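Residues per chain are reported as follows:
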Amino acid sequence: MAQLLGPLELTGNRWVLGDPMRKDGLCVVLTSEGLEHRRHGEAAPQLTVQWSRFVELNVRAAYRKWQAAPGLPSRPGVDMGRDGCSLYGIVRHPYDLWSVRYTHHQRPYAGGHVIVLKALFGQLTQAKALDRLGDPEWLGAVVAQLSAYTSWNAIKGNRLVEATIQSLGT
């Protein structure tokens, strides 16, 4: 089974966005209850958000570590700068914009991986099934099917994600 898809990586028995091992690094842990925003070396999460609070959830992923450096200007359609590696969306009760950052791994992220990861978050948002991200077995099966995708073609990536979600169920 593949254990990574861009910034999403299986660490132990948990799926994590970002590098949880980097000194002072930030990561987002996907749990059955929701998201945990964590800093390396701290026992308790900095923030926890339940899946049911999300109206929308998206991911930004800079392809290379240097692209997520502070001070770089953001460009339409390109994930760069301070928010180049982040999750963002809308939460309810109260309705508000929401975002957290994660630390880029040392390794670059494959373009195809980033494309299908963004499509996965988008399609699960549309299906109102974001809680599936907290099911490690289901997410592992999804990652196994999507990790072979290497094309930069977003349309084909979206179709692959749609077929994968349909075959595994939401």
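Look up a bit, the structure's there.
Quick notes on the rules
Residues numbered from 1 in each chain as written. Predicted model: local features only at pLDDT ≥ 70, side-chain atom pairs only at ≥ 80, totals over all residues. Heavy atoms only, no water. Buried < 20%, exposed > 50% of the residue type's maximum accessible area, 1.4 Å probe, protein only. Helix = DSSP H or I, 4+ residues; strand = E, 2+ residues; numbered from the N terminus. Pairing = 2+ DSSP bridges. Contact = heavy atoms within 4.5 Å. Axes fitted to C-alpha atoms, helices over the stretch in contact; angles between N-to-C directions.

A. Up close: the pairing of strand S8 (residues 85-91). Burial of S8 is extensive: 5 of the 7 residues sit out of reach of the surface. Across 7 bridges, the pairing between strand S7 (residues 54-61) and S8 is antiparallel. Looking at S8, one finds that Val59 is bridged to Leu87. In this sheet, strand S9 (residues 96-101) lies alongside S8 in antiparallel orientation, the contact comprising 6 bridges. Directly across from Ser86, in S9, lies its bridge partner Arg101. Between S8 and S9, which pair antiparallel and follow one another directly, the connecting turn spans 4 residues, one of which, His93, has a positive phi of 65°.

B. The arrangement of the sheet that holds strand S2 (residues 8-11) in detail. The strand order across the open sheet built from 6 strands is S1-S2-S3-S4-S5-S6, with neighbouring strands paired in antiparallel fashion. Edge positions in the open sheet fall to strand S1 (4-5) and strand S6 (47-50), since each of these has one partner strand only. Across 5 bridges, the pairing between strand S4 (residues 26-30) and strand S5 (residues 34-39) is antiparallel. What sits directly across from Cys27, in S5, is Arg38. Running over the sheet, helix H2 (residues 136-146) touches S1, S2, strand S3 (14-17) and S4 and is turned about 60° from S3.

Just distances and angles here, no functional claims.
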